[in-house]
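Per-entry structural report
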Amino acid sequence: KAYVDACTGHAELNNCTAIFEGVCTTDASDQTRFCNQDHRQHEDKKGCSLWQKLHKIKHAIAKKLGMHHHENHWPRLIGNCANKKDGEACSLPREGRCVNSGKCPVFKGQVICKLWDSHPPEFVTKPCQGKLEGDRCKMALLPGKCRKSKYGQSMACMTWPFQKWHAEEPLQHAADTSADVVVV
C-alpha cells in the first residue's frame, strides 16, 4: 500500500516518498537498531491457504535446486527510532520514483513508488551476467531470455510466465534507434 499511496496524485517519473510503518527493534545478535517492517503483513497468518501451501512447495523445490532463500534481504534502516524504545511504532520514509507497474500481478498496472535502492533478486539477475538483452538464459530448469529493466540498469532472466507477459514489448538493443529515451 505504501508503494501505491506515495504516487497517488503524482505523474509517472516524478520523485516520491513511500512511508512504511513498523516497530522499533534492536537485533540481539549485533545490536543493530532499526524500524522493523513486517513485509508479510498482507499474508493470512492464521489459516493454511492454498497459496501458503504452494509458497512452501516453491521454496522446497528452490532449495533442492540450490536456489537459497535469504530472510534478511530487506535493508534494516533506523527510521524514526532514534529516541524510541523497542516495541514502539515507527515510520520509515523511503525515496524513489513513480513508475507504471505494467503487468505486475501484485500492482496490476498502478503507478507505484520504485525505491532508488530497489533491485531484482540475484537469482533472476545472475543468469544474465555478461549477456546482452535477448540472449538466452536459464533459471534453475526454466529456459528464458535476458530482459533489461525499463527503469534501471539491471538485466533479469525472464522465464515462463513472465515471457508471455512481456511478449509484445520490443527488446531495446543498444543499436535500436526506435527506443524512447527518458531523461530524469
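Further up the page is the structure itself.
None of these values were measured; they are calculated from a predicted model. (Residues numbered from 1 in each chain as written. Predicted model: local features only at pLDDT ≥ 70, side-chain atom pairs only at ≥ 80, totals over all residues. Heavy atoms only, no water.)

This part covers the overall build of the protein chain. Scanning the protein chain from N- to C-terminus turns up 4 helices and 7 strands. Moving toward the C terminus, one meets the helices and strands of the protein chain in the order α-β-β-α-β-β-α-β-β-β-α. Buried residues in the protein chain amount to 24% of all 184 residues. Within the protein chain, counting contacts between residues at least 6 apart in sequence, those at least 24 apart form 51% of the total. For the protein chain, the exposed surface amounts to about 13,300 Å²; the carbon and sulfur share of it is 58%. (Helix = DSSP H or I, 4+ residues; strand = E, 2+ residues; numbered from the N terminus. Buried < 20%, exposed > 50% of the residue type's maximum accessible area, 1.4 Å probe, protein only. Contact = heavy atoms within 4.5 Å. Areas by Shrake-Rupley, 256 points an atom, 1.4 Å probe, with all protein chains shown as cover.)

This part takes up the pattern of salt bridges. Inspection of every chain in the model, using the stated rule, returns 6 salt bridges. Where Lys1 meets Asp5, a salt bridge forms, and the shortest distance between an N and an O atom there is 3.4 Å. A salt bridge links Asp86 to Arg33; its shortest N-O distance comes to 2.4 Å. Highlighted residues: Asp86 in the loop between α2 (50-64) and β3 (89-100) and Arg33 in strand β2 (residues 33-36), separated in sequence by 53 residues. (Salt bridge = Lys/Arg side-chain N within 4 Å of Asp/Glu carboxyl O.)

Remember that side chains alternate between the two faces of the sheet whenever the strand is regular. Bridge count for strand β1 (residues 15-26) against β3 is 9 bridges, and the pairing is antiparallel. Of the residues in β3, the one forming a bridge with Asn15 is Arg97. As paired elements, β1 and β2 share 4 bridges and run antiparallel to each other. Paired with Cys24 across the two strands is Cys35, which belongs to β2. (Pairing = 2+ DSSP bridges.)

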